[in-house]
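Take a look at the letters that make up each chain.
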Amino acid sequence: LLERPPASPKLSEDRIVGLPEAAAWFRATCCREKSNRAPQPPRPRGPSRALPHFAIVRESSPDFAPSPWLQRQPELVGKCVELVEQRDGVPGSDRPESLFRLHECDGGTWLARRDLIFKDCQRGRFLYRVLTRTLLSSSSRPSSGDLGLLPVGAVVFADERRVVDGRLRLSILPDPRAGRPRGGWASEHHSVAFDPRLGGTVQLLRLRNADE
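Residues numbered from 1 in each chain as written. Predicted model: local features only at pLDDT ≥ 70, side-chain atom pairs only at ≥ 80, totals over all residues. Heavy atoms only, no water.

A description of the environment of R206 should follow, citing residues and the corresponding values.
Tracing the backbone shows R206 in strand β14 (residues 204–209). Residue R206 is classed as buried on the basis of its relative accessible area, which comes to 14%. Separated by 48 residues in the primary sequence, R206 and A158 place their C-alpha atoms 9.8 Å from one another. A polar side-chain atom of R206 sits 2.6 Å from a polar atom in the side chain of E82. (Helix = DSSP H or I, 4+ residues; strand = E, 2+ residues; numbered from the N terminus. Buried < 20%, exposed > 50% of the residue type's maximum accessible area, 1.4 Å probe, protein only. Polar contact = N/O pair within 3.5 Å; in protein donor to acceptor, adjacent residues only side chain to side chain.)

I'd like a rundown of the pairing of strand β1 (residues 53–57), residues and numbers included.
Examined bridge by bridge, β1 and strand β2 (residues 80–87) share four bridges and lie antiparallel to one another. Paired with H53 across the two strands is L83, which belongs to β2. (Pairing = 2+ DSSP bridges.)

Summarise the nonpolar core; cite the residues concerned and give the values.
When a protein is soluble and globular, its nonpolar side chains tend to lie buried together. By size, the foremost hydrophobic cluster in this structure holds 15 residues, and its most contacted members are V57, V81, L83, L102, L111 and L116. Breaking this core down by element, the ones donating at least two residues are β1, α2 (68–71), β2, β3 (99–102) and β4 (110–112). If you look at the next biggest cluster of nonpolar residues, it comprises twelve residues, including Y128, L136, A154 and L170. (Core = buried A, V, L, I, M, F, W, Y, C linked by side-chain atoms within 4.5 Å.)

Spatial relationships are all this shows, so hold off on functional conclusions.
What follows is the structure, encoded as structure tokens:
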């Protein structure tokens, strides 16, 4: 008989962190006409879907012992992953380490902080479809779109993703056959939701990693 593999580590679901703040913001927004003070949206600490963090998954070494989370996912070693949620550890509990949830493109599971080497950006080859006319800029900072617009329906490649000035920015590669002799930068989201953990209005839809 085949031996059944051991189950992956599980993480019990906590209540949604920041939910009271989000509810208070929503109530204040609905009643804004009664107040001259503009409500401030929640600003959660750590990565989110609209404002992710990036990290390289560490390889095993004499001075590093991978967490049980990584031991169950050895295929992630050496990969640059996208992090979309953080759960802080509680010293003295059964969960002393901080954990980070990976984007679904990287499996959607969790890794411990010690498993990760944080980076400013994620490099690779990423395939996108343009959903709405999207500004293309020469600078990584969000700007007026001095290189024109990406047309709806176009398929574009990006080789870098990074968060700049509160926006997830993509380095778009040139495509002379599509009439785009120069590359540039564009935002993955047209706008970010009041809580960046919810993502935002997508204007560049990621189809897959082209190097997979």
